[in-house]
Amino acid sequence: MEQVTVSAPGSVSNLGSGFDVLGFALEEPCDALTLRFTDTPGVRLVNESPYPLPDNPEQNVSGVVLLAVLQKTGAGRGFELTVRKRIKPGSGIGSSAASAAGAAVAAATLLGSPFSKLELLDLAMEGEVIASGARHADNVAPCIYGGVTLIRSLNPVDIIALPSADLHVTIVHPQIEIKTSDARAVLRPDVPLKEAIRQWGNLGALVAGFYRNDPELIGRSMEDVVAEPYRKALIPGFDAVRAACVKAGALGGGISGSGPSLFQFSRTKETAQQVADAMSHVYQDLGIAHYTYVTRINPDGVRVLETS
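What counts and how
- Residues numbered from 1 in each chain as written.
- Predicted model: local features only at pLDDT ≥ 70, side-chain atom pairs only at ≥ 80, totals over all residues.
- Heavy atoms only, no water.
- Salt bridge = Lys/Arg side-chain N within 4 Å of Asp/Glu carboxyl O.
- Helix = DSSP H or I, 4+ residues; strand = E, 2+ residues; numbered from the N terminus.
- Buried < 20%, exposed > 50% of the residue type's maximum accessible area, 1.4 Å probe, protein only.
- Expected span 1.5 Å × (residues − 1).
- Contact = heavy atoms within 4.5 Å.
- Polar contact = N/O pair within 3.5 Å; in protein donor to acceptor, adjacent residues only side chain to side chain.
- Core = buried A, V, L, I, M, F, W, Y, C linked by side-chain atoms within 4.5 Å.
- Domains from an automatic or database assignment.
- Patch = residues over 30% accessible without salt bridge, like charges linked within 9 Å, V, L, I, M, F, W, Y side chains within 5 Å.
- Areas by Shrake-Rupley, 256 points an atom, 1.4 Å probe, with all protein chains shown as cover.
- Pairing = 2+ DSSP bridges.

Moving on to the pattern of salt bridges. A complete count under the given rule lists 20 salt bridges for this structure. Its salt-bridge partner being aspartate 39, residue arginine 77 comes within 3.9 Å of it at the nearest N-O pair. Of this pair, arginine 77 sits in the loop between helix H1 (61-73) and strand S4 (78-84) while aspartate 39 sits in the loop between strand S2 (22-38) and strand S3 (43-47), placing them 38 residues apart in sequence. Residue class for arginine 77 comes out partly exposed when judged on its relative accessible area of 31%. In this structure aspartate 39 comes out as exposed when scored by relative accessible area, which is 70%. The salt bridge involving aspartate 122 is made with arginine 135; its shortest N-O contact spans 2.5 Å. With a gap of 13 residues between them, aspartate 122 in helix H3 (residues 117-132) and arginine 135 in the loop between H3 and helix H4 (140-145) connect regions that are remote in the sequence. In the salt-bridge network here, residues are joined through shared partners; they are Glu2, Asp39 and Arg77.

Below, the structure written as structure tokens:
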């Protein structure tokens, strides 16, 4: 095997009451990454995306992961990675995680899959350091494990894969930028005990909802009293979008990552499309360009498309 192409999914992190500990992978949108061996040591990057990406491997999310793979394995050859990115950087749906996890899985496949999922996660988190300045797993974990993941701990790393509920997902991505640092800055350093108890109750019920495949329980457990009340001010039209989604029949949802994307769960594809239309109408009225996606939870994470 000299070449492999993988599909690396977008992802939703935080997941309502699961702030910083829950995430899930998406069927759409996905990036395509093609990795091949070269006889020249090191990493060469080829960007076939509509978005500018760093061409220096040490400053590129995928490049850092591949350099870590070469160092970890002592491989005498190099890599050339071609990226066709469909997940816009800064969208709040895991663009950097797709690049990091996709590169890790592609390299492991070329090398004969020498890494466990925990090792793949560790490699992918190296890429997230480049993107956000911190090793976090709420996006890369579902990309590696697939479906819905719970991060019990990062020190030591402990990831629990949850069952993927039979749900449809609608996402709206307003074309504005929210820096993760700004989204973090609006949060309070301390959470009152009363609010913490409410959040714990919702999180426990949300996990139970996935295990029971109970859409109604999942929907009413999405309530976030820790981050959303402060972050929603950064997203134009937030309250109007939520009200329109409830009217259209959505079960519940919230902010994807640190935003600006918003997501909602629905029971059926038809309802999910009605929710997408409702979201779109709000942003049309506000005069804000946006994209919508009607998709599902991806149970596999990064997928190998072809090898040669």
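Here the narrative resumes.
Structurally, the α-helix is built with 3.6 residues per turn, so residues lying three or four positions apart point the same way. For H1, built from 13 residues, the straight-helix expectation of 18 Å at 1.5 Å per residue is met to within 8% by its first-to-last C-alpha distance of 19 Å. Buried within H1 we find Val61, Ser62, Gly63, Val64, Val65, Leu66, Ala68, Val69 and Leu70. Buried-residue contacts for H1 involve S2, S3, S4, helix H2 (95-110) and H3. One side-chain oxygen of the residue at the start of H1 lies 2.9 Å from the amide nitrogen of serine 62, identifying that residue as asparagine 60. Glycine 74 sits one or two positions beyond H1 and adopts a positive phi of about 65°.

Next up on the list: the nonpolar core. Leu15, Phe24, Leu35, Phe79, Phe210, Phe263 and Phe265 are the most contacted members of the largest nonpolar core, which has 67 residues in total. The element contributing the most residues to this core is H2, with eleven residues. Viewed by domain, this core spans two of them, domain 1 (3-162 + 298-307) and domain 2 (168-296), each represented by three or more residues. Non-local contacts of phenylalanine 210, meaning those with residues more than four positions away in its chain, are made with Leu15, Val148, Pro163, Ala165, Ile218, Phe265 and Ile297. Within the second largest apolar cluster, 18 residues are counted, among which are Ala183, Ala244, Ile255 and Val275.

So, about a nonpolar patch on the surface. On the surface, a cluster of nonpolar side chains totalling about 370 Å² of accessible area is made up of Leu193, Ile197 and Trp200. By relative accessible area, which is 58% here, leucine 193 ends up exposed.

Once that is clear, we can look at the pairing of strand S9 (residues 262-266). Counting buried positions over the five residues of S9 gives five, a clear majority of the element. By the bridge criterion, four bridges tie strand S8 (residues 252-255) to S9 in an arrangement that is antiparallel. Across the sheet, residue glycine 254 finds its bridge partner in S9, namely phenylalanine 263. Hairpin connection, S8 to S9: the antiparallel pair is bridged by six residues, and glycine 257 has positive phi, about 65°.

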